[in-house]
Each structure stands twice: as C-alpha cells, then as structure tokens.
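Residue-level structural notes
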Amino acid sequence: MPVRPTAARITIVLTLAAATALTACGSGSGDDPDTVKVSFKQSTDNNIKVMDNFLADIKEEFEKKYPGKKVEFIPIKAPDSEYYTKLQQMLRSPKTAPDLVYEDTFLINSDITSGYLKPLDDYLANWPDWNQFIDTAKEAAKGENGKTYGVPDGTDTRGLWYDKAIFKKAGLPATWQPKTWDDVLDAARTIKEKVPDVTPLNVYTGKPAGEAATMQGFEMLLYGTNDGKTDPLYDSSSKKWIAGSQGFRDALTFVETVYKEKLGPDVSDALDPNFGTRVRGELLPQGKLGIDLDGSWLPQDWLEGSGHEWPQWSQKLGLAAMPTQHGQAPGKVSMSGGWTWAIPDKAANPDLAFDFIKTMQTKANAQKWYVANSGIAVREDVANDPAYAEAQPGIKFFTDLVASTHYRPAYPAYPKVSTAIQEAMEGVTTGDASVEEAAKNYDEELKTATDDQVIEK
Amino acid sequence: MRTIIRVLPVTPAVVLLLLFLAGPIAYCAYIAFTDLQLTGQAEESFIGFENFRTAFGDEAFLNAVWLTLVFTVVSALIGQNTLGLALAALMQRASKPVRTLTGGIVIAAWVLPEVVAGFLLYAFFRREGTLNAILDWLHLPSQNWLFTLPILAVSFANVWRGTAFSMLVYSAALNEIPKEITEAAEVDGAGGWRRMWHITLPMIRRSIGTNLMLITLQTLSVFGLIWVMTRGGPGGKSQTLPLFMYEEAFQKSMIGYGTAVALLLLVVGSLFSAVYLRLLRTEV
C-alpha cells in the first residue's frame with residue numbers, strides 16, 4: 001500500500017498549514033522594537049478625558065525626545081472590576097501583553113504572584129527621581145519578595161463631603177467636623193427631619209459598587225474601630241486574616257443603621273451599579289445629597305473640560321475628616337490606594353516602556369498629572385511645592401490626611417476578601433441578613449477565600 | 001484507496017473543526033479539573049473533582065441553578081413558546097396590514113442587539129421608568145421592579161426579546177398544514193379549540209420539539225440581558241448560572257471553578273435536549 005503515506009503526508013501538510021495560519025493571526029504587529037504599547041483605563045464617561053489628554057501630551061513629548069520611537073495606546077474602556085479582568089487576560093500571553101500597564105495597587109500583589117509583572121529594581125536604581133517618592137507609596141508597589149513592581153503616579157485619601165446649603169437649612173454648623181460615628185449619624189438624622197427631599201448620607205455598599213463599597217464604605221468604618229495602629233483585617237504577625245472581630249460587626253451595624261433608618265439613598269439606588277457616577281454627576285452638583293463618604297478625586301469630574309464643569313464646588317461643599325468610632329486616637333481615619341505604572345513580564349519592549357515612565361514622571365509632568373486628576377502627590381518635591389498645594393481647593397485637606405491613612409492588606413486573597421465584605425454589606429443593606437448572620441457568613445467566606453488562613457480576634 | 005480519496009475532501013474541514021471547536025472544548029474540560037486562577041497564583045494544579053464538590057456545597061451555586069430553571073421555564077417554555085404559538089395562530093386569520101404590523105414589531109425586538117434590548121427594558125422597569133409612569137397614571141401603586149421582582153423582570157425581558165423566534169417557527173409550521181384537513185374538520189363540526197387540540201398541535205409536533213430545544217438552549221445562555229438589567233442582583237436574586245459563572249471566573253478570578261460551572265451548565269442544556277429529542281423521535 002504505497003499510497004497511504006501520501007495521504008498521511010497531505011493531512012500533516014494541511015494541519016501545518018492550518019497551524020501556521022493560526023499563528024499568523026495571533027502575532028500581528030506585536031514585536032515592533034520601536035513602538036511602546038501603553039494600556040490604560042479609559043473613563044466609562046465619554047466626557048471625561050483627563051487621562052487621555054495627559055497621555056497624549058506625554059506621547060508628543062516622548063516621541064520628540066526619542067526620535068524614531070512611537071507610542072501606541074491600547075485604552076481599555078471599562079468599569080474597574082472589568083478592567084482588571086481584561087488586563088489580566090492580556091498579561092497572560094506575550095501576544096497580547098502591552099509594554100506598559102496601569103495597575104491598581106489593589107491587585108498589584110496578586111498579579112505579582114501570578115508572574116505577570118517585571119521587577120523594576122534595576123531600572124529604579126539608575127533613576128535619581130525615585131528618591132523623591134515617599135516611602136509608603138513605594139511600599140504599595142512592592143511584592144512579598146521585597147522587589148518593586150510599579151511606579152506610583154499618586155495616591156488618594158477619603159473623607160466626608162457635605163453640602164453647605166443643606167446643612168444651613170437643617171440648622172447644622174457651617175464648618176462641620178464630627179468627632180464620632182454618632183455625630184455623623186445624628187447630622188444625617190437632622191437632615192432627614194429638616195430637609196426631607198434630599199438624601200442625608202451616602203455610604204457605598206454592596207457588590208454592584210465593587211471595591212468602592214469596600215474601601216470608601218466599609219473600611220473607612222472598620223479602620224476607625226480599633227487603636228488606629230494595628231490592621232483590623234489582616235494580622236501581619238501570624239500572616240492570617242482576622243475573623244469574628246467586634247469591629248467588623250460594629251462597622252456592619254453602622255451600614256445597617258444608615259439603610260434601616262433610611263438615612264442613605266434608596267436601597268435600590270444604592271445597589272445600582274451606576275450609582276457612583278450619579279453621585280458625582282447629579283446628586284452632589286444638584287444639591288440633593290447632604291453628606292457623602294467618598295474619595296479625594298471627586299473634583300476631577302468637575303474640572304473644566306470634563307463635561308460636568310462645576311467650578312463653584314469649593315464654595316458649595318465642605319470637607320470633614322471621617323472620625324473614629326468613639327473619637328479615640330488618632331481621631332480621624334482615611335484609606336489610601338492609588339495606581340502605579342508597571343511593566344508586564346511578557347512585554348516586548350520593557351526598556352522603552354521605562355523611558356516612557358520616566359517621561360511621565362518628571363517633576364513637572366507628575367505635578368501636572370496630580371492636579372489634572374485631583375490626585376494626592378507621592379513625590380516630596382511636588383508635595384512641598386506651594387504651586388501644587390494652591391492649585392485646587394481641597395488638595396491641602398486631603399494631603400494632610402496622608403498622616404492618618406491606612407493601606408489595604410493587598411495580598412493575593414484580598415480581592416476575594418473584598419467581595420466577601422461587599423456581600424456582607426449587601427445583606428444588611430437589603431435587610432436580608434442581620435448583622436450577626438452577615439458577619440457569620442463573612443467568616444465562612446473568609447475561610448474559603450484565604451485557604452483557611454484565618455485567625456479569630 | 002477509494003476510502004482515502006473519498007475522505008480527502010473533508011479533511012481540511014475536519015482539521016479546522018478539531019482545531020477551533022474540539023480543541024477549546026477539550027481544554028475547557030481540562031481546566032475544570034484544575035484550580036487555575038486569573039491572578040494571585042504562580043502555578044495551577046490538577047485537583048480532580050474538587051470544583052464540582054465545591055459547587056454542590058455552594059449555596060450561591062444551588063441558588064443559581066434554581067433561578068436558571070425558573071428563568072428558562074417561565075421565559076422560554078411558557079412565555080416565548082406559548083406567546084409565539086398564539087401570535088402565529090392569530091396572525092393566520094388576521095388581515096394583511098395587521099399581520100405586517102404585528103410581525104414587524106415582534107421581529108424588531110428580536111433584531112435588536114441583546115445589550116440594547118437590556119437597556120430598553122432597564123429603562124422600562126426602573127423606578128423612574130415607563131412601567132411605573134403608566135401605573136402612576138392609572139393610580140396604581142408603583143415600585144422598583146428590578147429590585148422587588150428581579151427574576152420576573154428579566155424573564156419578561158427575555159419573552160419580549162425572544163418571542164419573535166417562536167412566532168416565525170410556528171408561522172412556518174402552521175402554513176404547512178393542508179387547508180383540506182382543517183376545512184374537513186370544520187365541516188364535521190369541530191370548534192376552534194378542538195381543531196387546535198386534535199389537528200393543529202399533533203401536526204406541528206415536530207416543530208414544537210425543535211422550537212423548544214432551540215429556545216431552551218438560547219435562554220440557558222442568556223447573559224447580556226440580565227447583566228445590563230440587574231447584574232444578577234440584588235443579593236443574587238436574578239443570578240442565573242451564566243452570571244454566577246462570570247462572577248466566579250472573572251470577578252473572583254477562579255477560572256477553574258468557573259469553567260466547572262460552565263460544564264455543569266452544559267449538562268443542564270444536554271438534559272433538556274435529550275428530553276426534546278425523545279419528543280421529536282416519536283412519530284404521530
């Protein structure tokens with residue numbers, strides 16, 4: 001049977017041809033040594049072009065500085081949680097990995113563990129500007145092995161925004177600084193009674209809000225329940241996650257009170273995935289929200305050119321630090337996160353990518369960026385520059401909070417722990433679960449999420 | 001020799017099928033038995049049936065299975081199927097302009113992309129939405145439907161969107177019934193309902209089977225519509241299996257577990273299909 005081998009050969013040839021065709025589909029233009037591909041999170045609000053504009057300027061500067069080199073942007077237009085997913089999928093393969101990515105400190109450790117990112121220590125050692133970055137910010141991008149994987153482009157803090165006009169109508173003080181949680185709740189109760197057509201107090205909650213619920217909502221409460229020095233979520237000495245704490249139940253009780261007494265937004269609004277956009281775009285500018293527990297970045301939506309210009313905000317809104325539970329030291333609490341620029345492990349042009357970081361992070365450009373996106377400086381030279389502190393109302397207030405701020409235990413299990421927190425919040429928000437039940441469910445979820453690395457405290 | 005020559009022309013197609021279809025499915029089946037994560041893990045390992053054990057011990061999974069069944073039965077088997085048949089039957093007798101108009105409206109809902117349909121129905125059901133505006137006008141109590149009755153709201157959305165398909169299938173089937181048979185029955189004194197029950201339904205039995213199978217499979221995999229309207233909320237009250245799978249795989253990064261859930265969804269789909277195939281096989 002001399003024919004068989006031929007048929008077999010034809011099959012092999014066809015398979016190879018198909019395989020070649022497939023590979024050709026995938027590789028594309030990924031390996032151009034003169035092009036640096038930059039991925040970033042584009043706002044889902046079409047009017048907001050803060051980052052697009054900033055990066056376009058940097059691209060121009062970069063291409064002038066390095067003749068023959070090109071910058072190609074790969075914007076990802078998605079809400080936070082979907083942005084992370086998309087990015088992680090891209091980072092898995094050298095065919096899709098960009099040269100530079102925008103990473104939330106929330107996930108950076110998780111992605112480091114997966115081997116998605118390249119350590120930057122060799123680059124940083126030869127970059128004098130690195131000494132200008134404050135230590136806490138450097139910590140945020142460090143892996144458990146002590147190597148640094150990202151260059152932070154600012155941080156953020158959180159506090160209470162309040163509407164001065166509503167406060168006046170309710171007979172509350174024009175300059176307000178609550179000392180305890182009860183002060184916050186009492187102010188909200190007064191607003192509910194005296195100004196019935198507005199939402200007294202917004203605390204983000206539930207899974208639809210995602211990490212905003214955990215960080216702006218729950219953790220702003222939880223980190224104010226203890227002495228302000230030890231982490232109430234993660235015990236670093238035993239490297240275990242904390243279950244069953246009184247502080248956890250107290251924070252849940254606060255959330256329950258807000259929604260049970262109808263001090264917060266209508267539950268169905270609070271659980272609408274787009275509620276955050278409405279708070280910034282409608283409720284606050286239209287004077288329909290009394291107190292908002294939210295981040296330092298809000299004004300970036302109200303800047304000129306943002307589409308929702310509201311330059312008067314600094315006269316209409318007041319700022320207060322979030323107090324600790326009973327007013328115990330240090331008296332106020334804030335949480336910090338922020339984003340970093342990181343180079344994927346599978347990047348084709350890592351050197352060029354770092355050159356792009358250096359161009360973005362000159363003092364002048366960094367300062368321009370902090371001001372443009374209402375970020376808080378992580379560079380000392382910028383923080384000490386009076387031009388920065390005066391660039392915008394509120395910057396000084398939020399920069400001062402850095403002294404009493406906390407960073408999340410952003411270890412690989414954190415995203416799952418965060419989801420478990422959101423589920424517990426959602427339970428007490430809708431009234432489906434009591435505080436005890438929600439806390440008990442959290443403890444069980446925590447065991448699954450962390451592979452039983454749990455300690456009772 | 002002859003077999004080889006006969007097989008040769010289909011070889012490229014078979015190779016492509018293996019590469020693009022069987023390959024990914026086999027890979028998925030493998031992943032379902034590992035603890036692969038999207039992030040936070042250096043290397044995955046083979047863990048056998050662990051993912052499936054987890055699923056059956058997971059209240060959220062059982063909740064999703066239940067909601068998937070409710071969603072499929074209410075929106076596909078009852079809603080789309082009967083409404084599609086009713087519309088097709090009524091349109092047989094309707095005048096041409098009425099037929100064109102009704103057909104146009106129903107098919108427009110079907111032609112719309114899933115996400116757009118989702119937004120339309122979100123706008124219809126939300127608290128300041130059209131439905132509540134109508135209820136207010138009628139002095140009836142309004143409520144946030146997406147919050148109080150999420151699974152029924154998304155089921156209604158799926159009926160609204162998918163009925164056209166059943167209507168088309170049944171219109172074609174009804175046109176196939178020879179006029180003489182119906183006329184003969186009419187002459188023998190059979191009323192509308194009797195004709196429907198004893199003649200029409202038995203004669204379009206095979207179309208019913210095909211239609212049920214197709215709309216069931218379509219409905220089992222509905223994702224965009226529910227995602228846009230409720231994201232599976234509030235509190236998981238409209239989280240069907242595709243949404244549960246998405247959350248586990250992509251939001252909690254548990255790709256292995258999510259894939260296992262997807263395989264289970266495949267099993268649910270094949271169970272339904274097996275039932276319908278039996279229905280198809282029995283001849284009248």
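Residues numbered from 1 in each chain as written. Chains lettered and ligands numbered in written order. Predicted model: local features only at pLDDT ≥ 70, side-chain atom pairs only at ≥ 80, totals over all residues. Heavy atoms only, no water.

Digging into the packing of helix H4 (residues 59–93) of chain B against helix H15 (residues 255–281) of chain B
Residues and elements named next belong to chain B. The line we're drawing: Angles run from 0 to 180 degrees between N-to-C directions of axes, and those axes are lines fitted to C-alpha atoms, restricted for helices to the stretch in contact. Strands are runs of DSSP state E lasting at least two residues, helices are runs of H or I lasting at least four, and both sets are numbered from the N terminus onward. What makes a crossing left-handed is the near helix being turned counterclockwise from the far one by less than a right angle; a clockwise turn instead makes it right-handed. A contact between two residues is defined here by any heavy atoms of the two lying within 4.5 Å.
The interhelical angle for the contact between H4 and H15, taken along N-to-C directions, is 35°, at an axis separation of 12 Å. H4 and H15 meet at a crossing whose hand is right-handed. Contacts from Phe61, Leu69, Thr72 and Leu77 of H4 reach H15 at Tyr257, Val261, Leu264, Phe272 and Tyr276.

As for the interface of chain B and chain A
Rule in force here: Buried area adds together the accessible area that both of two parts lose upon being put together, with accessible area traced by a 1.4 Å probe. Whenever a carboxyl oxygen of Asp or Glu lies within 4 Å of a side-chain nitrogen of Lys or Arg, that contact is scored as a salt bridge. In protein, a polar contact means a hydrogen-donor-capable atom and an acceptor-capable atom, both N or O and within 3.5 Å, with residues adjacent in sequence counting only if both atoms are side-chain atoms; elsewhere, any N or O pair within 3.5 Å suffices. Put simply, Ala, Val, Leu, Ile, Met, Phe, Trp, Tyr, Cys and Pro go in the nonpolar bin, Asp, Glu, Lys and Arg in the charged bin, and everything else, Gly too, in the polar bin.
Contacts between the two partners involve 34 residues from chain B, matched on the other side by 37 residues from chain A. Buried area between chain B and chain A, summed over both chains or domains, comes out near 2800 Å², and the portion from carbon and sulfur atoms is 58%. Between chain B and chain A we count four salt bridges in total. Lys252 of chain B serves as the salt-bridge partner of Glu423 of chain A, at 3.7 Å between the closest nitrogen and oxygen. Here chain B is connected to chain A by nine residue pairs in polar contact (both at pLDDT 80 or more). Going through the elements one at a time, helix H2 (11–31) and helix H14 (241–251) of chain B are the ones with two or more residues in the side of chain B that touches chain A. When its residues are assigned to classes, the side of chain B that touches chain A shows 18 nonpolar, 11 polar and five charged.

Quick word on the packing of aromatic side chains
Rule in force here: In this scheme Phe, Tyr and Trp rings, the latter by its six-membered ring, pair at centre separations within 6.5 Å, and the angle between planes marks the pair as stacked below 30 degrees, edge-to-face above 60, and tilted otherwise. Burial classes follow relative accessibility: with a 1.4 Å probe on protein chains only, a residue under 20% of its type's maximum area counts as buried, one over 50% as exposed, and anything between as partly exposed.
In this structure the tally under the stated criterion is 48 aromatic pairs over all chains. Both rings, one in Phe54 of chain A and one in Trp369 of chain A, keep their centres 4.9 Å apart while their planes meet at 35°; by these two values the pair is tilted. Placement of the pair is Phe54 of chain A in helix H2 (residues 50–65) and Trp369 of chain A in helix H15 (residues 363–372), with a sequence separation of 315 residues. As far as burial versus exposure is concerned, Phe54 of chain A and Trp369 of chain A are alike and both buried. On the numbers, 5.7 Å between centres and 90° between planes, the contact of Phe125 of chain B with Phe156 of chain B is edge-to-face. Here Phe125 of chain B, found in helix H6 (residues 114–125), pairs with Phe156 of chain B, found in helix H9 (residues 150–176); they are 31 residues apart in sequence, far enough to count as distant. Each residue in the set Tyr83, Tyr84, Tyr102, Phe106, Trp339, Trp341 and Tyr414 of chain A is aromatic and connected to the rest through ring pairs, giving one cluster.

Notes on the side chain of Gln37 of chain B
If you trace the backbone, Gln37 of chain B turns up in the loop between H2 and helix H3 (50–57). In this structure Gln37 of chain B touches Arg92 and Lys416 of chain A together with Ser253, Met254 and Ile255 of chain B, once residues within four positions along its chain are discounted.

Things to note about unusual backbone geometry
In this structure, Pro330 of chain A follows Ala329 of chain A across a cis peptide bond, with omega equal to 0°. Mapped onto the fold, Pro330 of chain A is located in the loop between strand E11 (322–323) and strand E12 (332–336). Residue Asp452 of chain A is not a glycine yet carries a positive backbone phi of 70°. Along the chain, Asp452 of chain A turns up in the loop between helix H20 (435–449) and strand E15 (454–456). We note that His139 of chain B has phi near 60°; this positive angle belongs to a residue other than glycine. Structurally, His139 of chain B can be placed in the loop between helix H7 (130–137) and helix H8 (145–148). Residue classification places His139 of chain B among the exposed residues on the basis of a relative accessible area of 72%.

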